Amino acid sequence: MFAMFTPTPADKFTFGLWTVGHRGRDPFGEATREAINPVTIVRRLAELGAYGVNFHDNDLVPIDASVIERDHIVGEFRRALTETGMRVPMATTNLFSDPAFKDGAFTSHDPRVRGYALQKTMQAMDLGVELGAETYVFWGGREGAEVDAAKDPMDAIKRFRDAINFLCEYARDQKYALRFALEAKPNEPRGDIYFASTPAYLAFIQTLDHPEMVGVNPEFAHEQMAGLNFYHVVAQALESGKLFHIDLNDQKPGRFDQDLRFGSESLKTLFFVVKLLEESGYSGPRHFDAHAYRSENTDGVWDFARGCMRTYLILKDKARQFAEDDEIQSLLAEIRGADERLPAYDRGVATHLKGFVFDRAALASRPLPYERLDQLVIELLMGVRTGKRVSG
Ligand code: DIG
Ligand code: MN
Ligand code: MN
């Protein structure tokens, strides 16, 4: 049974260098773990069955590294990738740690900061492409405000649009086969972050010069912080063809961004997310943007990584059981009925519909056995149903 849930690269699980490399520092305490070298991370994740690693520019190359140091670091990293077969599906820029970005990067009032953010991103795009990245993520950790008197949110949106348009042109000019994925978050580290949720980005993308190049990278914890149903958010991104990447983790509602091990808190919602990803044919990486508890030692970091992948595979098998469960499927058929689509508009259809007499009482009296259905899902997730008809 254990072998069923052992990941392989075919599962396309990825981790950021910053996730398993997280040293446990938080706003109230220093690091509790030693740094783990990127080469070690590549090797250990490969041993665990991961598909790849992602990185911010400065996760790999320190911001003050010389050209010689950079080339050495990148060379060692590339060697580890080659030896292990690990990929780099996604890259991104750290536009949130350096104090220069204290009041934003792309949305800063200061055009010099905005220019530096573009420079840093172009260089990071070059590095990402050099190592094989096909998706480039933008998470605007500092693109926000504490004092709304100071920054016009409409100017912020315009500046962010100018930056993404500029970088799309850079990618086209360089002939990079990159797609961009925008990652939303409602707050933290800023009091409020612009584009607070994934739907906000889905609307924004339509206003860009090259909307076809840009999608979203929803993160469970961030949408949970915004009080949204992540399953619905991912469905909207998928339905609009804009789910270019996904950040999986877990989160308790109403807390700071916990970036918890996948499946450690929200099994039911994450079950539907895994079911959706697998049944929709989403072919992108399953990226765990999460980290071990601060209380863990380095061994615990690898327990964390193993747990993320194992829980995903267990939920994937639960989705199979759900699809094969006769009782669940017959309830779905009953609830959904014929599920036929209404005809598109023409004057005849509209006239007929306007004149039709609906029996409202009959509509209201239709049985909807959601209690039975949801109980079956709970029992499936709790392991007392195995997807086949069972007694009791
Ligand atoms: C935080 O959720 C952000 C950063 O870690 C990174 O820029 C992005 C990529 O997954 N997620
Ligand atoms: Mn997060
Ligand atoms: Mn993220």
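Residues numbered from 1 in each chain as written. Chains lettered and ligands numbered in written order. Predicted model: local features only at pLDDT ≥ 70, side-chain atom pairs only at ≥ 80, totals over all residues. Heavy atoms only, no water.

**Re the domain arrangement of the protein**
Interfaces are often described in size by the accessible area the parts lose on coming together. For clarity, the threshold we go by: Here the bounds of each domain stem from an automatic or database domain assignment. Should any heavy atoms of two residues lie within 4.5 Å, those residues are considered in contact. Buried area: the accessible surface (1.4 Å probe) lost by two parts on joining, summed over both. Salt bridge criterion: a side-chain nitrogen from Lys or Arg within 4 Å of a carboxyl oxygen from Asp or Glu. Helix numbers and strand numbers start at the N terminus; a helix is a DSSP run of H or I with at least 4 residues, a strand a run of E with at least 2. All amino acids are sorted into three groups, where Ala, Val, Leu, Ile, Met, Phe, Trp, Tyr, Cys and Pro are nonpolar, Asp, Glu, Lys and Arg are charged, and the leftover types, Gly among them, are polar.
For the protein, the domain assignment lists domain 1 (3-323) and domain 2 (325-381). Placing a centre on the C-alpha atoms of domain 1 and another on those of domain 2 gives a separation of 38 Å. Across the contact, 8 residues belong to domain 1 and 9 residues belong to domain 2. A per-residue breakdown of the area domain 1 buries against domain 2 is headed by Lys268, Lys318 and Phe322, which together make up 64% of the total. Taken together, the connections running from domain 1 to domain 2 amount to 1 salt bridge. Residue aspartate 374 pairs with lysine 268 through a salt bridge whose shortest N-O separation is 2.8 Å. The element contributing the most residues to the side of domain 1 that touches domain 2 is helix α11 (residues 298-324), with 5 residues. Among the residues making up the side of domain 1 that touches domain 2, the classes are represented as 5 nonpolar, 1 polar and 2 charged.

**Looking at the pairing of strand β2 (residues 52-56)**
The line we're drawing: We call a residue buried when its accessible area falls under 20% of the maximum for its residue type, exposed when it is over 50%, and partly exposed in between, using a 1.4 Å probe and counting protein chains only. Here, strands pair whenever DSSP counts at least two bridges between them.
Most of β2 sits inside the fold, with 5 of its 5 residues counted as buried. Strand direction decides the pairing type here: strand β1 (residues 13-16) and β2, joined by 3 bridges, are parallel. Paired with glycine 16 across the two strands is asparagine 54, which belongs to β2.

**Description of the coordination of the manganese ion (ligand 2)**
Put simply, the rule reads: In this description, a donor is an N, O or S atom within 2.8 Å of the metal centre, a cutoff extended to 3.2 Å for sodium, potassium and calcium. Water is not part of the atom list, which can make sites seem incomplete.
Donor atoms from the polypeptide that coordinate the manganese ion (ligand 2) comprise Glu219 (OE), His222 (NE2), Asp257 (OD), Asp257 (OD) and Asp259 (OD), at 2.0 to 2.8 Å from the metal. Sequence spacing among the residues donating to the manganese ion (ligand 2) works out to E-x2-H-x34-D-x1-D. The metal-metal distance between the manganese ion (ligand 2) and the manganese ion (ligand 3) comes to 4.6 Å, with glutamate 219 coordinating both. Take glutamate 219: its relative accessible area is 1%, and that puts it in the buried class.

**Some remarks on the nonpolar core**
Note the threshold: In this text, buried Ala, Val, Leu, Ile, Met, Phe, Trp, Tyr and Cys residues form a nonpolar core when linked through side-chain atoms within 4.5 Å.
Counting residues in hydrophobic clusters, the biggest one holds 100 residues, and the most contacted among them are Phe15, Leu45, Val53, Phe77 and Phe180. Among the elements that make up this core, the one with the highest residue count is α11 (11 residues). Two domains each provide a minimum of three residues to this core, namely domain 1 (3-323) and domain 2 (325-381). Setting aside its immediate chain neighbours within four residues, phenylalanine 77 contacts Leu17, Pro38, Val39, Val42, Val53, Phe55, Leu60, Val88 and Leu131.

**As for the site of ligand 1**
Rules: The near set for a molecule or strand comprises every residue that places at least one heavy atom within 4 Å of it. Two N or O atoms form a polar contact when they lie within 3.5 Å of each other; inside protein one atom must be a possible hydrogen donor and the other a possible acceptor, and for residues adjacent in sequence the pair counts only when both atoms belong to side chains. Each accessible area is a Shrake-Rupley result for a 1.4 Å probe, and residues are judged covered by the shown protein chains and nothing else.
Every one of the 13 residues lining ligand 1 counts as a neighbour, but His56, Glu183, Glu219, Asp247 and Asp289 are closest to it. Within the side chain of glutamate 183, a nitrogen or oxygen atom sits 2.8 Å from a nitrogen atom of ligand 1. Within the side chain of aspartate 289, one N or O atom sits 2.8 Å away from an oxygen atom of ligand 1. Within the complex, 95% of the 300 Å² of free accessible area of ligand 1 lies under protein. For the shell around ligand 1, the secondary structure elements donating two or more residues are β3 (90-92) and β4 (135-139). Split by residue class, the shell around ligand 1 holds 4 nonpolar, 5 polar and 4 charged.

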